[in-house]
Amino acid sequence: MINRQLLHPESIVVIGGSNNVHKPGGAIVRNLINGKYQGTLRIVNPKEDEIQGIKAFHDVKELPPTDLAILVVAARFCPEYVEVLASEKDVRAFIIISAGFGEETPEGGEMEKRILQTCEKYGAALIGPNCIGVLNNWYHGVFTKPIPHLSPSGADFISGSGATAVFILESAVIKGLQFNSVWSIGNGKQIGIEDVLQHMDENFDADRDSKVKLLYIENIANPDRLLFHASSLIRKGCRIAAIKAGTSESGSRAASSHTGAIASSDSAVEALFRKAGIVRCFSREELTTVGCIFTLPPLTGRNFAIVTHAGGPGVMLTDALSKGGLNVPKLEGGAVEELKAQLMPGSAVTNPIDILATGTPEQLGIAIDYCERRFDNIDAIFVIFGSPGLVKLYETYDTLDKKIKECRKPIFPILPCLNTAGPEVAEFLRKGHVNFSDEVTLATALTQIMKTPKPASPEIELLGVDVPKIREIIASIEEDGYVPPETVHRLLNCAGIPMVPEKVSADKTQLIDFANRIGYPVVAKVVGPIHKSDVGGVALDIRSSKHLELEYERMMKIDGATSVMIQKMIKGTELFIGAKYEPRFGHVVLCGLGGIFVEVLKDVSSGLAPLSNSEAISMIRSLRGYKILKGPRGQKGINEQKYAEIIQRLSTLLRFATEIKEMDINPLLADENEVTAVDARILIRKE
């Protein structure tokens with residue numbers, strides 16, 4: 001519940017405000033005063049008559065009606081204060097800075113519940129408890145520093161952690177990133193990250209609101225809401241980047257299949273972010289770097305020019321861009337020779353363009369102009385310029401300021417000398433620019449942005465998948481566990497997923513008759529044990545009935561064997577598709593190279609069911625081994641479109657069968673014409 005009293009309070013009371021600015025109660029009053037809050041500021045402190053020049057109330061009962069209360073007192077006092085303020089003083093918004101609630105003890109959790117009940121009863125908004133507060137262009141309701149430069153065009157930042165929010169702001173301020181608002185939600189008892197995004201989405205004004213959103217998330221309470229409102233904002237022209245902390249493999253549940261061992265909460269987060277179009281970041285530096293990139297004109301291509309006066313950083317940037325699949329094309333032709341003639345002798349112009357340490361501001365401007373106007377194969381420009389120790393850089397950075405404002409192509413300033421040229425960099429930032437002091441961090445952030453797909457369509461494409469028949473098959477399964485091969489075959493058939501011809505039986509004669517009918521060679525696989533290869537339960541290239549008979553007899557002696565499966569042996573590139581059901585998220589679908597490679601390389605891409613065709617294609621093309629699928633060294637590649645269609649069909653099947661908790665199709669065999677499922681298993685749990 002986000003209301004006017006929280007966003008734009010005409011009056012604020014700080015409960016526990018003090019004269020000691022080294023304590024939260026004093027610091028929050030200081031920040032409100034220094035932030036030039038234009039409403040009425042009131043303070044309650046039973047021991048002081050005046051707080052930082054403002055007359056103090058000794059008791060909340062002395063207060064006149066007030067819009068917003070910021071509580072900076074011990075947790076045990078907060079429930080009573082909230083009750084009195086809401087019922088008697090018409091307070092309709094609360095920010096509770098205090099800690100010591102549900103994050104610490106069960107008793108604290110009960111106090112938190114009591115506060116929430118009071119807020120719900122009186123229709124009041126609640127931020128916290130256990131947070132640093134809220135910061136916007138109307139009031140600075142935080143007790144921490146730094147206070148970033150605020151601008152309507154700056155970023156909206158929402159954090160689940162107060163301390164981490166401070167560290168992220170520190171990282172951002174150094175880069176010149178400006179902010180429109182900062183939300184520290186703390187325990188998020190009433191208002192969480194999804195609620196703030198929902199408010200921003202439902203009230204979005206393209207002419208007034210910030211189009212950059214940065215998130216630090218520790219818990220995704222409602223993945224569907226996050227997906228809906230984040231993707232909606234992105235479709236409206238916003239750009240969103242986020243860190244999701246707490247996704248290590250050690251937190252994942254043990255599972256019995258390949259997919260279960262790979263898929264984790266991290267896979268679910270990755271899939272959710274991809275579906276929403278959120279750029280995923282993994283550090284504070286990366287998040288704030290992406291935020292700075294978002295403030296620049298959008299990139300229209302992947303080709304970059306590097307203008308530098310230092311060769312080494314240009315080389316490192318080139319390497320980092322190339323590693324991320326971005327291009328630093330060689331510059332050739334008459335325009336290149338013209339540029340070289342206007343630079344110092346010894347300058348390099350093939351890209352990177354190295355104007356040398358003795359290069360002048362005028363020569364920097366000339367190099368940028370050539371990249372802007374003469375080199376058509378360039379989409380954006382990096383400018384690396386620190387202090388060569390010879391001159392001050394004010395004039396150089398004035399030139400850079402002018403070119404950034406003039407040029408149509410984005411210019412990324414990389415000014416690394418924050419110590420030697422600190423005053424010059426600070427002056428450059430005061431003009432409203434951002435600075436990327438490390439070229440490799442910038443390249444990494446750009447790579448993340450460029451590989452993040454657009455938000456997926458919310459529509460489900462059924463593709464002829466027989467949903468009623470799927471539900472009928474699921475309903476007929478009486479016991480939890482891995483379902484028999486014939487049931488797997490029926491489910492995949494309902495989804496239109498092609499499977500290699502197969503026969504499962506404990507009758508040797510039936511299997512030999514089937515093999516004779518479909519023709520040799522065939523493959524035999526034991527049925528019963530989960531990991532067939534580990535127990536010697538797979539035999540390839542069986543070319544006669546005698547050979548088949550011997551393999552059948554051997555396999556039926558394997559511990560746990562119930563029958564044998566015979567399949568027509570086909571060849572092709574081995575692929576993998578798997579899925580795991582994650583509570584609250586739904587099914588995470590994985591794809592990658594199949595066979596043993598899925599375990600050894602773990603080169604998999606994830607998506608959240610249901611998937612569109614464009615999502616499936618994006619998953620395939622994001623694989624590190626994608627070049628293998630395209631066909632290396634003149635070999636024919638796989639039928640990528642059919643692979644994508646099978647991924648999509650499987651995701652639709654899963655959307656209507658939440659009882660499927662884990663699933664592998666490994667391998668699928670693919671060539672330039674067909675993609676066929678060879679082996680699959682499905683784990684059902686109906687509880």
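On a predicted model such as this, the values are computed, not experimentally measured, just so you know. (Residues numbered from 1 in each chain as written. Predicted model: local features only at pLDDT ≥ 70, side-chain atom pairs only at ≥ 80, totals over all residues. Heavy atoms only, no water.)

*Asks:* Explanation requested: the domain arrangement of the chain in the structure shown.
*Replies:* Quite often, the size of an interface is put as the accessible area lost when its parts meet. Split by domain assignment, the chain resolves into domain 1 (1-132), domain 2 (146-295), domain 3 (299-451), domain 4 (501-569) and domain 5 (573-684). Spacing between the C-alpha centres of domain 2 and domain 3 amounts to 30 Å. Buried surface at the junction of domain 2 and domain 3, summed over both partners, amounts to about 1200 Å²; 70% is from carbon and sulfur atoms. Linking domain 2 with domain 3 are zero salt bridges, by the criterion used here. Our enumeration of links across domain 2 and domain 3 arrives at two residue pairs in polar contact (both at pLDDT 80 or more). No other element matches the seven residues that helix α10 (residues 284-294) contributes to the side of domain 2 that touches domain 3. Of the residues contributing to the side of domain 2 that touches domain 3, the split by class is nine nonpolar, four polar and six charged. (Domains from an automatic or database assignment. Buried area = accessible area lost by both parts, 1.4 Å probe. Salt bridge = Lys/Arg side-chain N within 4 Å of Asp/Glu carboxyl O. Polar contact = N/O pair within 3.5 Å; in protein donor to acceptor, adjacent residues only side chain to side chain. Helix = DSSP H or I, 4+ residues; strand = E, 2+ residues; numbered from the N terminus. Nonpolar A, V, L, I, M, F, W, Y, C, P; charged D, E, K, R; others polar.)

*Asks:* For this particular structure, what's the right way to read the packing of aromatic side chains?
*Replies:* Ring pairs (aromatic) are described by centroid distance and by the angle formed between their planes. With the rule as written, the count across this model stands at seven aromatic pairs. The interplanar angle of 55° and the centroid separation of 6.2 Å between the aromatic rings of phenylalanine 157 and phenylalanine 179 together place this pair among those described as tilted. In this pair, phenylalanine 157 sits in strand β10 (residues 150-159) while phenylalanine 179 sits in strand β11 (residues 179-184), placing the two residues 22 residues apart along the sequence. The class for phenylalanine 157 is buried, based on a relative accessible area of 0%. Exposure remark for phenylalanine 179: the relative accessible area of 0% places this residue in the buried category. Three or more aromatic residues joined by ring pairs form one cluster here, namely Phe304, Phe382, Phe412 and Phe436. Geometry around phenylalanine 57 places lysine 55 over its ring, the cationic atom sitting 5.5 Å from the centre. Of note, lysine 661 hangs over the ring of tyrosine 581, and the distance from its end group to the ring centre comes to 4.2 Å. (Phe/Tyr/Trp six-rings, centres within 6.5 Å; stacked < 30°, edge-to-face > 60°. Buried < 20%, exposed > 50% of the residue type's maximum accessible area, 1.4 Å probe, protein only. Lys NZ or Arg CZ within 6 Å of the ring centre and 35° of its normal.)

*Asks:* Would you explain the confidence of the model for the chain in this entry?
*Replies:* Regions with low pLDDT should not have their predicted coordinates read in detail. Residues with a pLDDT of 70 or more make up 97% of the chain, whose mean pLDDT is 93. Considering only residues more than four positions removed or in separate chains, one finds that residues 251-258, a stretch of pLDDT under 50, has 21 contacts. (pLDDT = per-residue confidence, 0-100. Contact = heavy atoms within 4.5 Å.)

*Asks:* Whenever I open this one, the layout of surface pockets confuses me. Can you help?
*Replies:* Over the atoms, a rolled probe matching the size of one water molecule traces out where space is still vacant. The volume enclosed by the largest pocket comes to roughly 1500 Å³. In terms of lining residues, the largest pocket is bounded by 41 residues, among which Arg274, Gln448, Lys451, Ser622 and Leu623 are the most central. For the lining of the largest pocket, the elements supplying multiple residues, two or more each, are α8 (258-262), α9 (265-276), β14 (279-281), α11 (311-323), α16 (439-451), β26 (604-608), α22 (613-621) and α23 (626-630). No other element matches the seven residues that α16 contributes to the lining of the largest pocket. Here the lining of the largest pocket is composed, by residue class, of 15 nonpolar, 11 polar and 15 charged. Reported here for the second largest pocket is a volume of approximately 760 Å³. Contributions of two or more residues to the lining of the second largest pocket are made by β21 (522-527), β22 (538-542), β23 (563-568), β27 (660-670) and β29 (680-684). In terms of residue count, β27 provides more of the lining of the second largest pocket than any other element does, four residues in total. Of the residues assigned to the lining of the second largest pocket, the class counts are 11 nonpolar, seven polar and 10 charged. (1 Å grid on protein atoms, 1.4 Å probe; cavity = no way out; pocket = protein on both sides within 12 Å on 5 of 7 lines; lining within 4 Å. Points joined across faces, edges and corners; volume = space filled by probe spheres on them.)

*Asks:* Sorry, what's going on with helix α2 (residues 24-34) here?
*Replies:* Count 3.6 residues to each turn of an α-helix, and residues three or four apart come out pointing the same way. With eight of 11 residues buried, α2 is to be regarded as a mostly interior element. Those residues of α2 not exposed but buried are Gly25, Gly26, Ala27, Ile28, Val29, Arg30, Asn31 and Leu32. The inward-facing, buried residues of α2 contact β1 (11-15), β2 (40-44), β3 (50-51), β5 (68-71) and β9 (140-142). Two residues or fewer after α2 comes lysine 36, characterised by a positive phi angle close to 55°.

*Asks:* Hey, could you run me through a negative patch on the surface in this one?
*Replies:* A surface patch of negative charge is lined by Glu478, Glu479, Asp480 and Glu687. Within the element layout of this structure, glutamate 687 appears in the segment after β29. (Patch = residues over 30% accessible without salt bridge, like charges linked within 9 Å, V, L, I, M, F, W, Y side chains within 5 Å. Areas by Shrake-Rupley, 256 points an atom, 1.4 Å probe, with all protein chains shown as cover. Lys, Arg positive; Asp, Glu negative; His and termini not counted. Charge placed at Lys NZ, Arg CZ, Asp CG, Glu CD.)

*Asks:* Just checking my understanding: could you explain the packing of α22 against helix α24 (residues 640-655) for this structure?
*Replies:* Between two packed helices, what matters for the description is the angle formed by their axes and the separation of those axes. In contact at an axis separation of 9 Å, α22 and α24 are set at 115° when each is read in the N-to-C sense. In the packing of α22 onto α24, the handedness of the crossing is right-handed. Residues Asn613, Ala616, Ile617, Met619, Ile620 and Arg621 of α22 form the contact with α24, whose own contacting residues are Glu640, Gln641, Tyr643, Ala644, Ile647 and Gln648. (Axes fitted to C-alpha atoms, helices over the stretch in contact; angles between N-to-C directions. Left-handed = near helix turned anticlockwise from the far one by under 90°.)

*Asks:* Sorry, what's going on with the packing of helix α5 (residues 162-175) against α10 here?
*Replies:* At a closest axis distance of 9 Å, the pairing of α5 and α10 adopts a crossing angle of 50°. Here α5 is positioned oblique relative to α10, judged by the angle of their axes. Here α5 runs over α10; the crossing is right-handed. In this structure, α5 uses Thr164, Phe167, Ile168, Ser171, Ala172 and Lys175 to contact α10, whose residues at the interface are Arg284, Glu285, Leu287, Thr288, Thr289 and Cys292. Its residues placed into classes, the contact of α5 with α10 shows five nonpolar, four polar and three charged. (Parallel < 35°, antiparallel > 145°, perpendicular 65-115°, else oblique.)

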